[in-house]
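For reference, the chains in residue letters:
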Amino acid sequence: MTAEPCRLRVRYAKDGRLAFLGHLEVMNTIMRCVRRSGLPFEVSNGFAHRMRIQFSQALPVGASSQGEYYDLKLPYAPDSDDALARLVEATPLGLRPDAAVVLPRKVPALEAWASMSRWDVLVVGGVCSAQGFLKKVDQLVTDDVLEYLRGDKPRRISLQRALVSYEAFDTEEGMRVRLTTRASEQGALRPAILVRAAMGLDPLRVCRVAQWHEDTQGVRVDPMDKRRCLVW
Amino acid sequence: MRIPREDRFADIEPLLGMVERPSRYLGHEWGAVEDQEGPFHACLIYADVYEVGQPYLGHAILYNELNDQEGISCERAFLPWVDMSALMRERGIPMLSLETASPVASFDLVGFTLAHELICTNILEALDLAQITLVAQDRGEDEPIVVAGGPSVWNCEPVAPFFDAVLLGDGEGLLVEVAQCVRDARTESVPRSVLLRRLAQIPGVYVPSLYEVVVDESSTRWGYAVPVEGSGAPARVLKRCLPRLDTTDPVAQRIVPYLEAVQDRLAIEVLRGCARGCRFCQAGMTYRPVRERPVEQVVQGVESGLGMSGFDQCSLSSLSTTDHSQCAQMLNSLHERLDRVGVRVSIPSQRLDSFGVEMAAAVGSSRRAGLTFAPEAGSQRLRDVINKNVTQDDLERAATNAFKSGYRRMKLYFMMGLPTETDEDVVAIPKTAERVVQIGRELFGPRSKVSVSISVAVFVPKSHTPFQWQGQLAFDEVRRRQQLLLHAAKDHAVRISYHDAEISLIDAVLSKMGRAGGELLMAAWRKGCRFDAWNDQFRFDLWQEAAAQVGIRLEEVASESYPLDVRLPWDHTSPGVTKGYLQREWRRATQGETTGDCTRHTCTGCGVCPTLGVRNELAATRS
Ligand code: SF4
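How each quantity is defined
Residues numbered from 1 in each chain as written. Chains lettered and ligands numbered in written order. Predicted model: local features only at pLDDT ≥ 70, side-chain atom pairs only at ≥ 80, totals over all residues. Heavy atoms only, no water. Phe/Tyr/Trp six-rings, centres within 6.5 Å; stacked < 30°, edge-to-face > 60°. Helix = DSSP H or I, 4+ residues; strand = E, 2+ residues; numbered from the N terminus. Buried < 20%, exposed > 50% of the residue type's maximum accessible area, 1.4 Å probe, protein only. Lys NZ or Arg CZ within 6 Å of the ring centre and 35° of its normal. Domains from an automatic or database assignment. Pairing = 2+ DSSP bridges. Axes fitted to C-alpha atoms, helices over the stretch in contact; angles between N-to-C directions. Contact = heavy atoms within 4.5 Å. Right-handed = clockwise from strand over helix to strand, strands pointing away.

Caption draft 1: Layout of the packing of aromatic side chains. For the structure on display, the rule yields 14 aromatic pairs over all chains. Here the aromatic rings of B:Phe467 and B:Trp586 are separated by 5.8 Å at their centres, their planes lie at 90 degrees, and the arrangement is edge-to-face. Of this pair, B:Phe467 sits in the loop between strand S17 (451-458) and helix H15 (475-488) while B:Trp586 is found in helix H20 (residues 579-590), placing the two residues 119 residues apart along the sequence. Summarising the burial analysis for this pair, B:Phe467 and B:Trp586 share the class buried. Clustering of aromatic rings is evident, with ring pairs tying together A:Tyr12, A:Phe55 and A:Tyr70. Seen from the ring of B:Phe107, B:Arg5 lies directly overhead, with NZ or CZ sitting 5.2 Å from the centre.

Caption draft 2: Region of interest: the environment of A:Tyr76. Mapped onto the secondary structure, A:Tyr76 falls in the loop between strand S3 (64-74) and helix H2 (80-89). A sequence separation of 68 residues divides A:Tyr76 from A:Leu8, and the C-alpha atoms of the two residues are 9.7 Å apart.

Caption draft 3: Up close: the domain arrangement of chain A. Each assigned domain of chain A is listed with its residue range as follows: domain 1 (6-113) and domain 2 (125-203). Summarising the inter-unit geometry, the C-alpha centres of domain 1 of chain A and domain 2 of chain A are found 29 Å apart.

Caption draft 4: Structural view of the sheet that holds strand S10 (residues 266-269) of chain B. All names here are of chain B. The three strands lie next to each other as S10-S13-S14, forming an open sheet whose pairing is parallel. Unpaired on one side and paired on the other, S10 and strand S14 (344-346) mark the two borders of the sheet. In this sheet, adjacent strand axes meet at a mean angle of 25 degrees when their direction is disregarded. Where S10 meets strand S13 (residues 313-317), four bridges bridge the pair, whose relative direction is parallel. Across the sheet, the residue bridging to leucine 266 is cysteine 314, located in S13. Strands S10 and S13 of the sheet are contacted by helix H9 (residues 295-309), whose axis makes an angle of about 155 degrees with S10.

Caption draft 5: Just the side chain of B:Ser152, in detail. Residue and element names in this part refer to chain B. Locating serine 152 in the fold gives a position in the loop between strand S4 (145-149) and strand S5 (165-167). For serine 152, a relative accessible area of 10% gives the class buried. Once residues within four sequence positions are removed from consideration, serine 152 is found in contact with Leu114, Ala115, His116 and Glu117.

Caption draft 6: The arrangement of the pairing of strand S3 (residues 109-113) of chain B in detail. Residue and element names in this part refer to chain B. With five of five residues buried, S3 is to be regarded as a mostly interior element. The alternating pattern of S3 places Leu109, Gly111 and Thr113 and Val110 and Phe112 on opposite faces, both of which are buried. As paired elements, S3 and S4 share five bridges and run parallel to each other. The residue of S4 that forms the bridge with glycine 111 is valine 147. With helix H5 (residues 120-129) bridging S3 and its parallel neighbour S4, the resulting β-α-β unit is right-handed.

So, in structure tokens, the structure goes:
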């Protein structure tokens, strides 16, 4: 344990029925887990005294994940194994953390930094095969701008920027789609938006399998890679 | 045959992506009791959406108590929102519990909370969605025993036909006795009718089917209830009363919701009952006597509750927290401990005196949101009639203190249509608000952004209060007085809002009617009324159609007044406050005489203590 203020970066999953929590609900739940864990978190100075914590990119309601992250600001560096054990103890199963690292205070904020996501999507029903789906997506990418509704608000996103790669296979369960997306100030592409635009139906399951940062050379940096997180 | 007990989560899982706020239906929150072995299974239902029902403290108390019993398990259920219930009906999925996603109809005991009158159609909706026979007397031998309890049992006649039993007063101990009675009777395989008679022998339990309604010249047109001959049911069922609060666990709320609940914080009950004696207030009469939790228990409860839950806010809840004899001590002690970890303490009600303001400032109530006070009436005369022991000086001092503490906004609650109200009393409402604005301007200068909003509700006469014989102000008259009030308000810094008068009318109808109200409820629900307490769901047109169908006029029912010696539909259920006391209080009201608070002065003879063998239990002397 050292007396330097730090960040504790925690990786956690979102699965089972808790996949149906909204981002705000996940954030509130995790803040309560942190309070229950007894870790010495910092609070902001304003009237509301909010916990100093940052989260990675919002996950859509209904989507599960194998790799979500939060950074908790602490007044001193704890033993990361001990901190992880305390958080595991205080967290419901569906949001359970599986790794924690201590980082210096000055690393970039997670949300904008870890902009890359890898998705595993299952689509069941509909008449389209993997091949047909890929053809449709090729066309959408050529058209570039995808217009869609979020609630009742019209939105636009450039697929050429936001969709990095896509593959699809027919399986016994249904069609599996693997996507890599890049979030930018324009927003993030939600897999369900792409599937809906290509096939006119919602995917049955969406899972984010990984998130990472892409450095200026296009090299992938894992958020838990303590050494490489410091270089930006 | 009872619906089998089995986990049906897989049935609703595919629907979660299609509905608003799917987190309402997930269960398995932190602190929920996962072990539901039984073999006796109870389910507590709050017939509104999760985020409204889950914070309800009474539910949490009873959930813990039942789950602590050997051989008894207790789960929760809430009414699905309209999108979810439509999908469930379409697919034939019955209402499910949260813990094990078992059909509600598979439980041995189902308990509803009567939180307020406007929840009544939701109870029918829940029973129907659960596939439980609506009318208690038509229920099959195997169906669950359906009971109710809570703050609005005090005229439960309109909903009585839907319940096998209604539990009056404090639920601690009582619901466990009911569960044990049902369990034993089921083990012995006694018929339902015998089981119900046994229930009626438990003090505090009212079994509606063992009473018949008699209408005669001594009663209102809704009659009164008398025990069926030979039923063994008592002529009058007295409420159950927990003698002391310090014998209970201060931390009742152990479940931490995933979604934002309407009160998204830890609530610690610091006292029960209020003896201020406001004559319009049902809770003030029915929750007597006053029982305080000592400061050490509150502080320790807050600390352990926050540690267990991880909440970052805590509310010291009760009918009037600032009346607690150790309120200042409590807040100071908590403030010192909790401020540095970013936990905020709030108190739900503010006394209209300098102490109230001091306490509000002590908990750091948001300066932006402003302070809330409830003078209830605009003129001193009318405040004396309702026994709101608040003077114009108190109000002005409170306003001055609040402005000096940095508040720029204030919200004032008033009622319209209180007994004896005149046009002068109505005009006095905006004048009172304007006086508060003026005080602010005197302090901060004429251009300062001081504002006062006033919220005006229509008075609803409630059973077991000194105003129980009164009618509600007629609809046309409500409209006229609303206009009068609007025109009397000259200052733009005063904002006026009205509580929906049509909703108050239905509240009054259900508060006045006897058992015949059940037909009205059934008709209204069949026409599609539900979530009546939600402004965007409330359908007055459907209520009117329902009333026409059962041959009544809503306004006429609500505005009817009765003589003091009439037999009332709720006379057979009693919170311990005597009718003689209520009559006396009514007479004093008409003479503008106020009655003191028995926790500060002498006993005023309401009857609760001698009748129930209890007394006010204060932690220290009240100032
Ligand atoms: S009986 Fe007397 S002391 Fe007891 S609650 Fe009533 S007024 Fe107060």
